[in-house]
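What follows is the residue order along each chain.
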Amino acid sequence: MYEMVEALKKHGFPGEISNTAGAYLCNNVMYHGLQYFEEQGQKVPSGFIHIPASHSLAVDRDIPSWSNADLVKGIQIAIGCL
């Protein structure tokens, strides 16, 4: 986890560790995934990466957003750390 945050920062993207998947939908997705693997008896390393909205989704809203190019680059950086 820390490697991802440091790699993002090295490339000029903000990042931080959180111990929650957020509220409602994000939280629901993460915990249903964890429950599924537990019910299947599978031990699968997992986590949740919360990314900002795209600029087009953030129009007229006061929420953080990144360009599509930055979203793709940020996700590539995170995956590269795996």
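Just above sits the structure.
Residues numbered from 1 in each chain as written. Predicted model: local features only at pLDDT ≥ 70, side-chain atom pairs only at ≥ 80, totals over all residues. Heavy atoms only, no water.

A. Molecular detail of the environment of Glu-3. Within the secondary structure layout, Glu-3 lies in helix α1 (residues 2-10). Expressed as a C-alpha distance, the spacing of Glu-3 and Ile-75, which sit 72 residues apart in the sequence, is 13 Å. (Helix = DSSP H or I, 4+ residues; strand = E, 2+ residues; numbered from the N terminus.)

B. Up close: the packing of aromatic side chains. This structure, assessed with the given rule, holds 2 aromatic pairs. Taking the centre distance of 5.1 Å and the plane angle of 35° together, the rings of Phe-13 and Trp-66 count as tilted. With Phe-13 in the loop between α1 and α2 (25-39) and Trp-66 in strand β2 (residues 65-66), this pair connects stretches of sequence that are 53 residues apart. Neither Phe-13 nor Trp-66 differs from the other in exposure class; each is buried. Pairing Tyr-36 with Phe-37 gives two aromatic rings, centres 5.5 Å apart and planes at 70°, and the pair type is edge-to-face. For Tyr-36, a relative accessible area of 45% translates into the label partly exposed. (Phe/Tyr/Trp six-rings, centres within 6.5 Å; stacked < 30°, edge-to-face > 60°. Buried < 20%, exposed > 50% of the residue type's maximum accessible area, 1.4 Å probe, protein only.)

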